[in-house]
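Okay, here's what each chain looks like letter by letter:
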Amino acid sequence: MRKLKLHQLYGLILLLVLALWAALGLYAHLSLRHLAQRSEAEASRQALVEIGAAVAELERRLETITQQLAAWDETRQHLNNPEYYPLWRDVRVRHTGLLPEGMRVALYRPDGTILARDAQVLMPARLSLQDPRRVMLRWEQGKAWLYRVFPIPVHPDARVILGYGLIKLDPLAELRTLGPYRYADPASFGFRHHADTTLVLSALTNHLRLSARPDPSLQSILQEVHRLTQYAVILALALAVLFLVTLRQLVVRPMHRLSAEIGALRDDPQREAPDGEAIRFHLWELEQLRRTFLDYHHRLYSLHREVQRSSELFYRQARQDALTGVYNRRAFDEDRMAIERDKRVSECTLILFDCDHFKAINDTYGHPVGDLVIQALAQCLTSVLRADDRLYRLGGDEFASLMPGASIETALRVAERCQEQVRRHDFSRYGITEPVTLSIGLAHGAAPLDLTQLHRHADLAMYRAKQPGHSKIAVYEEALGRLAALVDNREISAVYEAIRRPELLQFRYQPVVRLPGLVPAYCEALCRIRCEDRLIGPGAIFAIVQNRRLDVEFDLAVIEAIRRDLAADLAELRQGVSINVSGPGLVSDQVIAALLHLKAQFPQRKLVVEITETALITQMDKATANIARLRAAGCLVALDDFGSGYSSLRYLASMPVDMVKFDMSLIHLLVKEDPRERLIVQDIAQIIATAGYELVAEGIETPALLEQVIAIGFSHAQGYHLDRIALKPPTLKPHSAA
Amino acid sequence: MHSKLWRGWVRLLLAMILWTTLGATAEPVTLTLDHGLVARAEYRKGAADKPAVLILHGFLQTHAYPLVHNLTDALASAGYSVLAPTLTLGVTHRKQSLPCEAIHTHTHEDNARELNEWLQWLSARGHSRIVLIGHSMGSAELLLYLRTHRPRAVVHFIALSLVEAQTDLDSDRLQKLRSHLQRKLARGDRGTEVHPLSFCRRLQGTPQTFLSYYAITPQRVQSAIKSLRIPATFIMGGGDDRLSAGWIERIRRTGQRVVIIPNASHFLDGEHEFDLIDVVLETLRQVG
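What counts as what
Residues numbered from 1 in each chain as written. Chains lettered and ligands numbered in written order. Predicted model: local features only at pLDDT ≥ 70, side-chain atom pairs only at ≥ 80, totals over all residues. Helix = DSSP H or I, 4+ residues; strand = E, 2+ residues; numbered from the N terminus. Buried ≥ 20, exposed ≤ 12 C-beta atoms within 10 Å, placed from the backbone. Contact = placed C-beta atoms within 7 Å. Axes fitted to C-alpha atoms, helices over the stretch in contact; angles between N-to-C directions. Parallel < 35°, antiparallel > 145°, perpendicular 65-115°, else oblique. Nonpolar A, V, L, I, M, F, W, Y, C, P; charged D, E, K, R; others polar. Arc of directions from axis to C-beta. Core = buried A, V, L, I, M, F, W, Y, C linked by C-beta atoms within 7 Å. Domains from an automatic or database assignment. Pairing = 2+ DSSP bridges. pLDDT = per-residue confidence, 0-100. Left-handed = near helix turned anticlockwise from the far one by under 90°.

**Notes on the overall build of chain B**
- Scanning chain B from N- to C-terminus turns up nine helices and 11 strands.
- A total of 288 residues make up chain B; the buried ones form 46% of that total.
- Considering only contacts within chain B whose residues lie at least 6 apart along the sequence, 74% involve residues at least 24 apart.

Encoded structure:
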């Protein structure tokens, strides 16, 4: 329904009032008209009554006049002696006042003959009517005259007729003089028919034609009503104008101002309401309404601001990491989508930061220290990021920064500054003795931006940076596509599925031979997972396991799978098997129990437990105790990847292992040109050997390298070169023979 | 003076009582005159041993004039036969005073003839002794009638406020007017004119009328008094302002009896009317 505006409403009201006024005026007009018609009818009736009364009065006057004339001595005087009759008729009668002006009289002898002719006035020479009860109406030259005969006795008391008198008069003129008339209009007096006749005077009314004049009282009232109506119209118009002006001033304009103010507040809710004293309305109710509205608005505005502050706080909190104060994952996702939508952004670089071995730090020094490390990292990164760059904490120790518009070179400089800033930070204040480092992965993309893809690339770069032997800052390049498995959902699913179903695990058992005779000692189980039509290698598997913190679960799955192979009595496992156990697995009771159970199940088989990532072992005492338990159960314990950074002499000193496996990178130094590197490796090997450990050399890929390790005193070796020797059935032959 | 007034009131009361008891004898009479007009009169029949009284009204009046009427009543009450005629003045059955503005065609001579016929009328009814009473011009009319007719039955004449035919004109203008009227009459012009006569300042009359009345001059009246063969009594009002200077003295010098009613006006009305009646009755008693 269409809403009425205020001016339309009061215009409508005004129209209704005016229409009502007009209706009342019309009703009054019709009533007055009806009254006037009734009055006219009544006036006509009264006019007839009046004219009847006038005729009666004329009759009385004529009767009086005729009686007086008949009784007048001088009338008889001149009937007897007509010598001076004309003088009597023309002068004397007039002077006496017996005969009114306008009437004429003539005397007639008893035989009806006129006493003397009148030269001025036409009078009948002879009376044709002697009946005094009737009058004669005659038309002379278009004018009606009334004749009244009266007998003149010899004396007033006598019956003897001395003669007759005849009075001639203009009946209409006489009737007009008999006024004043209130209803009858004397000017309208006339006769219906122009014909001579005789009649009884009282019947003269029937021959008269007349019209009533308006009732003067009613006319006066009507004129007064008309005048009052004009005044009322003028007053109504004046009142209407006054009403409009007053309404406009007192109601409409304030309402418009109020409406405009409300509209402005609607369009701009945060707009401050006008000062209550700045504008004032004259109408109390409107003023109250305005004040109430302003008060309400002030309250609403305050509430709105409070809600807005709360909303902003919630917004910030929802997008802020509670621990570090930097943006959280939600903010990252929103900004990522915003950048994608922003067509102005032609390129963007995503930097991912990840704290190396943070879980080990967390587990070793406790969560409070871990939180301090996270806060310190956030502080360091924030302090060196560009002013407009945001730092997001994506979870745990993983941070990210989106740098729209930044080239890869710029991002690299930022990443280097971040790494340097972290390096400079004194983490020892938190009681941490190990270095805290960052792995940084960068990915750069150009429009059209796909930040999801960019994030995947940065992940890949991050894993590249995480891998041993690589720079801690890695930029995504096409070659890293092979690491895509880390982020390939199918491979991740395969890892999870393998943990759930260990039978999916497949092993390549790499033989480890005893030196120098190259006698197979046992095989190291190198894990693979069949995924559809391909195999997932150890590099991808352990990257996912470490990334997903699946170390213990995966160790258990591997132990179970090897138990399966042992139970199957595979030929490669007849001398024994070496199982890689992660740092977390070493301190896991489940893993240790599984290993002990496996040893107990196959007591004749050599079971070597290779401890990897010793630097990540956070519970050294428990690890040491577990190693002791394994050794006590007949297992051999080997320290894997020695010299790669994850295993060091410190761990060697604190762990009671049986064997030390030199990392491939260390072994390969033996064939380097630089003699100092060879000497260092040789000296270390000899020191460790002297300490009573058996030495295992990895990565023996050439006969020369084999000779070198034999020469140095390594007790075991493994590698591609030795694999080919070991695969020769039925038994391995000593390398020296080769 | 008070005792006279008291007596007058007593007499008036008695007269009214008698009038109510004897009123049935009042008789309006008419007399068809020789010229055909009918004259009206009031006749009261009284005692046969008393003289009849004819009372004539003044100029243009009728017998209904108050003085005439009251006197008639009083005399009738006193047992006198009274006849109060109304001169026709040319109007048959005249009952009304004739206004000055009326068309006057009558003459003194006409009046004298009517008086003569009324006296004959009285005589015909057995009244052998008649006393004539006239008021104002009526007195002059009777006086001149007595001079010209000398009726035998008339034994006494009483004139009340006797005057001549007065005009506002001096003698020269009156003489010129009379000459004018005579010339007009001589040439047969009977058209009316308006001139002063008696109390009428503008009387419309024929030349005969004016000439007839203008002839009633003081000298003629005085001469008629002197020529009276019967006793006469002249009763005059002491306060009559219509009389010309020395008029009463001139009457008195004729040797006739003159009675002056002190302070009475020309009309002898009011309280003076009683004195008048007393004088008239006294006079009539003296007549026998």
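**Overview of the packing of helix H9 (residues 358–365) of chain A against helix H10 (residues 367–384) of chain A**
Residues and elements named next belong to chain A.
- The N-to-C vectors of H9 and H10 enclose an angle of 140 degrees; their axes lie 6 Å apart at closest approach. In terms of orientation, H9 lies oblique with respect to H10. Judged by residue contacts, Phe 358, Ile 361, Asn 362 and Tyr 365 of H9 engage His 367, Val 369, Gly 370 and Val 373 from H10.
- Partitioning the contact of H9 with H10 into residue classes produces five nonpolar, three polar and no charged.

**Digging into the interface of chain B and chain A**
- Contacts between chain B and chain A engage 14 residues on the former and 13 residues on the latter.
- The class makeup of the residues in the side of chain B that touches chain A is five nonpolar, six polar and three charged.

**Observations concerning unusual backbone geometry**
All names here are of chain A.
- With omega at 5 degrees, the peptide bond leading from Gly 179 into Pro 180 counts as cis.
- Along the chain, Pro 180 turns up in the loop between helix H4 (171–177) and strand E5 (190–191).
- In this chain, Leu 515 is followed by Pro 516 through a cis amide linkage whose omega measures 5 degrees.
- Tracing the sequence through the fold places Pro 516 in the loop between strand E13 (505–514) and strand E14 (519–531).
- Non-glycine residue Leu 518 carries a positive phi angle of around 60 degrees.
- You can see Leu 518 is positioned in the loop between E13 and E14.

**A word on helix H3 (residues 85–96) of chain A**
- Along H3 of chain A, the positions that sit buried rather than exposed are Tyr 85, Trp 88, Arg 89, Arg 92 and Val 93 of chain A. Along the long axis of H3 of chain A, the arc covered by the buried residues comes to 130 degrees, so they all point the same way.
- Structurally, H3 of chain A contributes buried residues whose contacts are with helix H2 (73–80) and strand E1 (103–108) of chain A together with strand E5 (103–104) of chain B.
- In the segment just after H3 of chain A, Gly 97 of chain A is the residue with positive phi, at about 80 degrees.

**Looking at the nonpolar core**
- Ile 351, Ala 461 and Val 609 of chain A are the most contacted members of the largest nonpolar core, which totals 126 residues.
- Split by domain, the residues of this core number at least three in each of domain 2 (329–486) and domain 3 (488–737) of chain A.
- Residues within four places of Ala 461 of chain A in sequence aside, it is in contact with Gly 441, Leu 442, Ala 443, Ala 474, Val 475, Tyr 476 and Leu 480 of chain A.
- With 124 residues, the next largest nonpolar core counts Leu 127 of chain A together with Leu 87, Ala 140 and Ile 251 of chain B among its residues.

**Comments concerning the sheet that holds strand E6 (residues 197–200) of chain A**
All names here are of chain A.
- Taken together, five strands build an open sheet; the order of strands is E1-E4-E3-E2-E6 and the sheet is antiparallel. A single partner strand is all that each edge strand has here, and the edge strands are E1 and E6. Strand-to-strand twist across the sheet, computed as the mean angle between neighbouring axes with direction ignored, equals 30 degrees.
- Bridge count for strand E3 (residues 143–153) against strand E4 (residues 161–169) is eight bridges, and the pairing is antiparallel. The residue bridging Val 149 from the neighbouring strand is Leu 166, located in E4.
- Helix-sheet contacts for helix H1 (residues 6–71) involve E1, E3 and E4, and the interaxial angle to E3 is about 40 degrees.
- Contacts between H2 and the sheet are confined to E1, E3 and E4, with E4 contributing the most and set at about 110 degrees to the helix.

**Digging into the pairing of strand E16 (residues 576–581) of chain A**
Residues and elements named next belong to chain A.
- Within E16, six of the six residues are buried, which leaves it mostly tucked inside the rest of the structure.
- By the alternation rule, side chains of E16 split into Gly 576, Ser 578 and Asn 580 and Val 577, Ile 579 and Val 581, which are all buried.
- In this sheet, E16 lies alongside E14 in parallel orientation, the contact comprising two bridges. By the bridge assignment for E16, Cys 523 is matched with Val 577.

**Here's the deal with the sheet that holds strand E10 (residues 398–404) of chain A**
All names here are of chain A.
- Read from one edge of the open sheet, five strands run E9-E10-E8-E11-E12, paired in mixed fashion. Taken across any chain shown, the strands that pair with only one partner, and hence form the sheet edges, are strand E9 (390–395) and strand E12 (473–475). Direction aside, neighbouring strands of the sheet carry axes that sit 20 degrees apart on average.
- Pairing geometry for strand E8 (residues 347–355) and E10, over seven bridges, is antiparallel. Looking at the pairing, Thr 349 lines up with Met 403 of E10.

**A closer look at the confidence of the model for chain B**
- The share of residues in chain B with pLDDT of 70 or more is 91%, and the mean pLDDT across the chain is 90.
- In the predicted assembly, ipTM is 0.86 and pTM is 0.50.

**Remarks on the pairing of strand E9 (residues 200–205) of chain B**
All names here are of chain B.
- As paired elements, E5 and E9 share two bridges and run parallel to each other. Among the inter-strand pairings, Ile 103 is bridged to a residue of E9, identified as Gln 204.
- Taken together, strand E8 (residues 193–197) and the strand that follows it, E9, pair antiparallel across an intervening segment of two residues, in which Ser 198 is found at a positive phi of about 50 degrees.

**Considering the packing of helix H2 (residues 66–77) of chain B against helix H9 (residues 272–287) of chain B**
All names here are of chain B.
- At a minimum axis separation of 11 Å, H2 and H9 run at an interaxial angle of 45 degrees. As summarised for this structure, H2 and H9 are arranged oblique, according to the angle between their axes. For the crossing formed where H2 meets H9, the hand is right-handed. The residues of H9 that touch H2, namely those facing Asn 70, Leu 71, Ala 74 and Leu 75, are Glu 273, Ile 277 and Val 280.
- Looking at the contact of H2 with H9, its residues break down into five nonpolar, one polar and one charged.

**Side note on the environment of Val 513 of chain A**
All names here are of chain A.
- The topology assignment puts Val 513 in strand E13.
- Residue Val 513 is classed as buried on the basis of its C-beta count, with 28 C-beta atoms lying within 10 Å.
- Between the C-alpha atoms of Val 513 and Gln 718, which are 205 residues apart in sequence, the distance is 6.4 Å.

**Here's the deal with the confidence of the model for chain A**
Residue and element names in this part refer to chain A.
- Chain-level statistics for chain A give a pLDDT mean of 84 and a share of 92% at 70 or above.
- Mean pLDDT in chain A bottoms out at helix H13 (residues 484–487), which sits at 55, and peaks at E1, which reaches 93.
- The model gives residues 728–738 a pLDDT under 50, and that stretch makes 20 contacts with residues more than four places away or in other chains.

**Notes on the environment of Asp 269 of chain B**
Residues and elements named next belong to chain B.
- Relative to the helices and strands, Asp 269 resides in the loop between strand E11 (257–261) and H9.
- Of the residues examined, Asp 269 has 14 C-beta atoms within 10 Å and is grouped as partly exposed.
- A sequence separation of 203 residues divides Asp 269 from Pro 66, and the C-alpha atoms of the two residues are 8.5 Å apart.
- Not counting the four nearest positions on each side in its chain, Asp 269 is found in contact with Pro 66 and Leu 67.

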